[in-house]
Amino acid sequence: MVYVKICGLSEPEHVTTAVEAGADAIGFVMTRSPRRIAPERAAELAALVPDHVLTVGVFRGEDPDTVRAAALASGVRAIQLHGRHPHGDFTALKDLGLRLIRAVDAEADLRCGAYDEDLLLVDAPHAGSGQAWDWAAVRGRASGQWLLAGGLTPANVAEAIAAAAPWGVDVSSGVETAPGVKDPALIRAFLETVRRAG
Ligand SMILES: O=C(O)c1ccccc1NCC(=O)[C@H](O)[C@H](O)COP(=O)(O)O
(Lines give C-alpha, C1' and ligand atoms only; values in the text may rest on other atoms or scores of the structure.)
Protein backbone atom coordinates (compact mmCIF):
# COMPACT_ATOMS: atom_id res chain seq x y z
CA MET A 1 0.00 0.00 0.00
CA VAL A 2 1.27 3.46 -0.87
CA TYR A 3 2.23 5.49 2.24
CA VAL A 4 0.47 8.87 2.47
CA LYS A 5 1.61 12.03 4.26
CA ILE A 6 -0.67 15.05 4.44
CA CYS A 7 1.39 18.16 5.15
CA GLY A 8 0.86 21.69 6.42
CA LEU A 9 -2.03 21.08 8.78
CA SER A 10 -2.95 23.80 11.26
CA GLU A 11 -6.54 23.11 12.35
CA PRO A 12 -7.83 20.31 14.61
CA GLU A 13 -10.69 19.51 12.20
CA HIS A 14 -8.24 18.86 9.39
CA VAL A 15 -5.98 16.71 11.55
CA THR A 16 -8.98 14.58 12.53
CA THR A 17 -10.14 14.34 8.93
CA ALA A 18 -6.72 13.17 7.76
CA VAL A 19 -6.47 10.57 10.53
CA GLU A 20 -9.99 9.24 9.93
CA ALA A 21 -9.40 9.12 6.17
CA GLY A 22 -6.36 6.90 6.73
CA ALA A 23 -3.28 9.11 6.48
CA ASP A 24 -0.03 7.43 7.55
CA ALA A 25 1.71 10.68 8.46
CA ILE A 26 0.78 14.28 9.16
CA GLY A 27 3.10 17.26 8.76
CA PHE A 28 3.30 20.47 10.76
CA VAL A 29 5.31 23.23 9.09
CA MET A 30 7.51 25.06 11.60
CA THR A 31 9.54 27.10 9.14
CA ARG A 32 8.88 30.16 6.97
CA SER A 33 5.69 29.45 5.04
CA PRO A 34 2.04 30.49 4.84
CA ARG A 35 1.46 27.21 6.68
CA ARG A 36 3.81 27.95 9.54
CA ILE A 37 2.60 27.14 13.04
CA ALA A 38 4.37 27.54 16.39
CA PRO A 39 5.74 24.44 18.13
CA GLU A 40 3.11 24.94 20.87
CA ARG A 41 0.30 24.80 18.29
CA ALA A 42 1.90 21.71 16.73
CA ALA A 43 1.90 20.11 20.19
CA GLU A 44 -1.85 20.73 20.55
CA LEU A 45 -2.50 19.18 17.15
CA ALA A 46 -0.11 16.26 17.67
CA ALA A 47 -2.04 15.35 20.82
CA LEU A 48 -5.03 14.53 18.57
CA VAL A 49 -3.05 12.01 16.53
CA PRO A 50 -3.04 8.30 17.43
CA ASP A 51 0.27 6.48 17.74
CA HIS A 52 -0.07 4.63 14.44
CA VAL A 53 0.04 7.94 12.53
CA LEU A 54 3.46 9.60 12.32
CA THR A 55 3.63 13.29 13.30
CA VAL A 56 6.28 15.21 11.37
CA GLY A 57 7.84 18.60 12.05
CA VAL A 58 8.87 20.30 8.81
CA PHE A 59 11.92 22.60 8.70
CA ARG A 60 14.01 24.29 6.02
CA GLY A 61 17.55 25.48 6.50
CA GLU A 62 17.49 25.93 10.29
CA ASP A 63 20.51 24.76 12.27
CA PRO A 64 20.21 21.48 14.21
CA ASP A 65 19.88 23.22 17.61
CA THR A 66 16.89 25.26 16.41
CA VAL A 67 15.29 22.18 14.88
CA ARG A 68 15.95 20.17 18.04
CA ALA A 69 14.28 22.78 20.29
CA ALA A 70 11.18 23.07 18.10
CA ALA A 71 10.87 19.31 17.67
CA LEU A 72 11.08 18.72 21.41
CA ALA A 73 8.60 21.51 22.20
CA SER A 74 6.09 20.15 19.70
CA GLY A 75 6.44 16.48 20.57
CA VAL A 76 6.51 15.36 16.92
CA ARG A 77 7.87 11.88 16.21
CA ALA A 78 9.72 12.77 13.02
CA ILE A 79 11.78 15.65 11.61
CA GLN A 80 11.70 16.59 7.93
CA LEU A 81 14.65 18.71 6.77
CA HIS A 82 14.42 20.64 3.48
CA GLY A 83 17.40 22.30 1.84
CA ARG A 84 20.85 20.92 1.20
CA HIS A 85 21.63 19.97 4.79
CA PRO A 86 25.02 18.30 5.24
CA HIS A 87 25.15 14.73 6.47
CA GLY A 88 26.32 16.08 9.85
CA ASP A 89 22.98 17.81 10.47
CA PHE A 90 21.22 14.44 10.35
CA THR A 91 23.88 12.86 12.54
CA ALA A 92 23.49 15.72 15.04
CA LEU A 93 19.77 14.96 15.45
CA LYS A 94 20.06 11.16 15.67
CA ASP A 95 20.23 11.08 19.47
CA LEU A 96 16.65 12.43 19.69
CA GLY A 97 15.39 9.01 18.61
CA LEU A 98 12.98 10.62 16.13
CA ARG A 99 12.58 9.47 12.55
CA LEU A 100 14.48 11.68 10.11
CA ILE A 101 13.19 12.64 6.68
CA ARG A 102 15.54 14.16 4.10
CA ALA A 103 13.61 16.36 1.66
CA VAL A 104 15.36 17.09 -1.64
CA ASP A 105 14.71 17.86 -5.28
CA ALA A 106 15.39 15.44 -8.11
CA GLU A 107 19.01 16.60 -8.55
CA ALA A 108 20.13 15.30 -5.15
CA ASP A 109 21.35 11.87 -4.02
CA LEU A 110 18.10 9.89 -4.20
CA ARG A 111 19.16 6.86 -2.17
CA CYS A 112 17.11 6.74 1.01
CA GLY A 113 19.54 6.30 3.90
CA ALA A 114 22.49 7.98 2.21
CA TYR A 115 22.43 10.65 4.96
CA ASP A 116 21.30 8.22 7.68
CA GLU A 117 17.71 9.36 7.21
CA ASP A 118 14.76 6.99 7.66
CA LEU A 119 12.64 8.35 4.81
CA LEU A 120 13.44 10.33 1.69
CA LEU A 121 11.07 12.95 0.22
CA VAL A 122 11.63 13.83 -3.43
CA ASP A 123 9.92 17.16 -4.02
CA ALA A 124 9.63 20.03 -6.50
CA PRO A 125 12.45 22.63 -6.34
CA HIS A 126 10.13 24.94 -4.34
CA ALA A 127 8.60 22.94 -1.48
CA GLY A 128 4.97 23.63 -0.74
CA SER A 129 4.48 25.55 -3.99
CA GLY A 130 2.00 23.13 -5.53
CA GLN A 131 4.12 23.00 -8.68
CA ALA A 132 4.08 19.71 -10.55
CA TRP A 133 7.30 18.47 -12.14
CA ASP A 134 8.50 15.52 -14.24
CA TRP A 135 7.74 12.78 -11.70
CA ALA A 136 8.67 10.02 -14.16
CA ALA A 137 12.26 11.31 -14.23
CA VAL A 138 12.97 9.77 -10.81
CA ARG A 139 11.46 6.37 -11.56
CA GLY A 140 14.15 3.81 -10.77
CA ARG A 141 16.57 6.53 -9.55
CA ALA A 142 15.04 7.06 -6.13
CA SER A 143 15.42 4.02 -3.92
CA GLY A 144 14.25 2.70 -0.58
CA GLN A 145 11.44 4.26 1.40
CA TRP A 146 10.88 7.43 -0.62
CA LEU A 147 7.90 9.72 -0.96
CA LEU A 148 6.97 11.64 -4.07
CA ALA A 149 5.79 15.25 -3.59
CA GLY A 150 5.25 18.39 -5.59
CA GLY A 151 2.01 19.43 -7.20
CA LEU A 152 0.08 16.29 -6.34
CA THR A 153 -3.74 16.56 -6.24
CA PRO A 154 -6.66 14.15 -6.03
CA ALA A 155 -6.93 14.50 -9.81
CA ASN A 156 -3.32 13.64 -10.72
CA VAL A 157 -1.98 11.46 -7.89
CA ALA A 158 -2.91 8.18 -9.60
CA GLU A 159 -1.03 9.27 -12.71
CA ALA A 160 1.95 10.34 -10.57
CA ILE A 161 2.08 6.95 -8.80
CA ALA A 162 1.97 5.16 -12.14
CA ALA A 163 4.72 7.43 -13.52
CA ALA A 164 7.21 7.35 -10.64
CA ALA A 165 6.35 4.17 -8.69
CA PRO A 166 7.07 5.80 -5.30
CA TRP A 167 6.93 4.06 -1.92
CA GLY A 168 4.70 6.90 -0.71
CA VAL A 169 3.23 10.29 -1.59
CA ASP A 170 3.03 13.67 0.16
CA VAL A 171 0.63 16.54 -0.48
CA SER A 172 -0.06 20.02 0.78
CA SER A 173 -1.35 22.55 -1.81
CA GLY A 174 -3.40 19.92 -3.61
CA VAL A 175 -5.72 19.52 -0.63
CA GLU A 176 -6.17 23.26 -0.09
CA THR A 177 -8.50 25.97 -1.38
CA ALA A 178 -5.84 28.66 -0.79
CA PRO A 179 -2.26 28.53 0.59
CA GLY A 180 -2.57 27.22 4.15
CA VAL A 181 -6.33 26.59 3.97
CA LYS A 182 -6.99 22.86 3.95
CA ASP A 183 -10.24 21.38 2.61
CA PRO A 184 -11.57 18.23 4.34
CA ALA A 185 -13.28 17.00 1.15
CA LEU A 186 -10.00 17.26 -0.79
CA ILE A 187 -8.08 15.46 1.98
CA ARG A 188 -10.58 12.59 1.83
CA ALA A 189 -10.55 12.55 -1.99
CA PHE A 190 -6.74 12.41 -2.06
CA LEU A 191 -6.60 9.46 0.31
CA GLU A 192 -9.41 7.59 -1.45
CA THR A 193 -7.67 8.02 -4.81
CA VAL A 194 -4.31 6.81 -3.49
CA ARG A 195 -5.90 3.79 -1.82
CA ARG A 196 -7.57 2.86 -5.11
CA ALA A 197 -4.36 3.42 -7.08
CA GLY A 198 -1.99 1.60 -4.78
O1 LIG B 1 4.42 23.50 2.69
C2 LIG B 1 5.18 24.45 2.87
O3 LIG B 1 4.78 25.62 2.86
C4 LIG B 1 6.64 24.20 3.09
C5 LIG B 1 7.48 25.28 3.31
C6 LIG B 1 8.82 25.06 3.52
C7 LIG B 1 9.35 23.80 3.50
C8 LIG B 1 8.51 22.70 3.27
C9 LIG B 1 7.17 22.90 3.06
N10 LIG B 1 6.32 21.81 2.79
C11 LIG B 1 6.80 20.48 2.82
C12 LIG B 1 5.92 19.39 2.35
O13 LIG B 1 6.09 18.25 2.80
C14 LIG B 1 4.92 19.60 1.24
O15 LIG B 1 3.84 18.72 1.42
C16 LIG B 1 5.59 19.26 -0.08
O17 LIG B 1 6.54 20.24 -0.32
C18 LIG B 1 4.56 19.24 -1.25
O19 LIG B 1 3.95 20.47 -1.38
P20 LIG B 1 2.82 20.72 -2.49
O21 LIG B 1 3.49 20.78 -3.81
O22 LIG B 1 2.23 22.02 -2.08
O23 LIG B 1 1.85 19.58 -2.39
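Residues numbered from 1 in each chain as written. Predicted model: local features only at pLDDT ≥ 70, side-chain atom pairs only at ≥ 80, totals over all residues.

Within the fold, Leu 152 resides in the loop between β7 (146-149) and α5 (157-164). For the pair formed by Leu 152 and Ala 132, sequence separation is 20 residues and the distance between their alpha carbons is 6.7 Å. Once you skip the residues sitting within four places of it in the chain, Leu 152 turns out to touch Val 157, Ala 160, Val 169, Val 171 and Gly 174. (Helix = DSSP H or I, 4+ residues; strand = E, 2+ residues; numbered from the N terminus. Contact = placed C-beta atoms within 7 Å.)

Turning next to the site of the ligand. Near the ligand lie 25 residues; those nearest to it are Cys 7, Ser 33, Gly 128, Ser 172 and Ser 173. Those elements that place two or more of their residues in the shell around the ligand are β2 (25-29), β3 (54-60) and β8 (168-171). Here the shell around the ligand is built from residues that sort into 8 nonpolar, 13 polar and 4 charged. (Near = placed C-beta within 6 Å. Nonpolar A, V, L, I, M, F, W, Y, C, P; charged D, E, K, R; others polar.)

What follows is about the UniProt feature "domain: N-(5'phosphoribosyl) anthranilate isomerase (PRAI)" (unreviewed entry) in the chain. Here the UniProt feature "domain: N-(5'phosphoribosyl) anthranilate isomerase (PRAI)" (unreviewed entry) sits at residues 4-192. Within residues 4-192, the helical portion is 28% and the strand portion 23%, while the C-alpha atoms at the span's ends are 11 Å from each other. (UniProt positions renumbered as here; feature names shortened; annotations may be inferred.)

Across the interface, helix α2 (residues 39-46) lies against helix α3 (residues 64-74) with an axial gap of 7 Å and an inter-helix angle of 40 degrees. Classed by the angle they form, the pair α2 and α3 counts as oblique. For the crossing formed where α2 meets α3, the hand is right-handed. Of the residues in α3, those in contact with Pro 39, Glu 40, Ala 42, Ala 43 and Ala 46 of α2 are Ala 70, Ala 73 and Ser 74. Among the residues making up the contact of α2 with α3, the classes are represented as 6 nonpolar, 1 polar and 1 charged. (Axes fitted to C-alpha atoms, helices over the stretch in contact; angles between N-to-C directions. Parallel < 35°, antiparallel > 145°, perpendicular 65-115°, else oblique. Left-handed = near helix turned anticlockwise from the far one by under 90°.)

We now examine helix α6 (residues 184-197). When the terminal C-alpha atoms of α6 are compared, their 20 Å separation across 14 residues agrees well with the 20 Å that a helix rising 1.5 Å per residue should span. Taken as a whole, α6 has its buried residues at Ile 187, Phe 190, Leu 191 and Val 194. Looking straight down α6, one finds its buried side chains confined to an arc of 90 degrees; they lie on one side. In α6, the exposed positions angled more than 90 degrees off the buried face are occupied by Ala 185 and Arg 196. Contacts made by the buried residues of α6 are with β1 (3-6), α1 (12-21), α5, β8 and β10 (181-182). (Expected span 1.5 Å × (residues − 1). Buried ≥ 20, exposed ≤ 12 C-beta atoms within 10 Å, placed from the backbone. Arc of directions from axis to C-beta.)

Let's shift gears to the sheet that holds β3. An order of β1-β2-β3-β4-β5-β6-β7-β8 is seen for the 8 strands of this closed barrel, with the pairing classed as parallel. Here the strands of the sheet are splayed against their neighbours by 25 degrees on average, with no regard to which way each runs. Two strands pair when backbone bridges link them, and β1 and β8 are joined in this way by 4 bridges, in the parallel orientation. Bridge pairing links Tyr 3 to Gly 168 in β8. (Pairing = 2+ DSSP bridges.)

With that settled, the discussion passes to the pairing of strand β6 (residues 119-122). One face of the sheet, then the other: side chains in a regular strand alternate in exactly this way. Side chains of β6 alternate between two faces, with Leu 119 and Leu 121 and Leu 120 and Val 122 buried alike. As paired strands, strand β5 (residues 99-104) and β6 are joined by 4 bridges and run parallel to one another. The residue bridging Ile 101 from the neighbouring strand is Leu 119, located in β6. Pairing analysis gives 3 bridges linking β6 to β7, with the strands arranged parallel. Within β7, the residue paired with Val 122 across the bridge is Leu 148.

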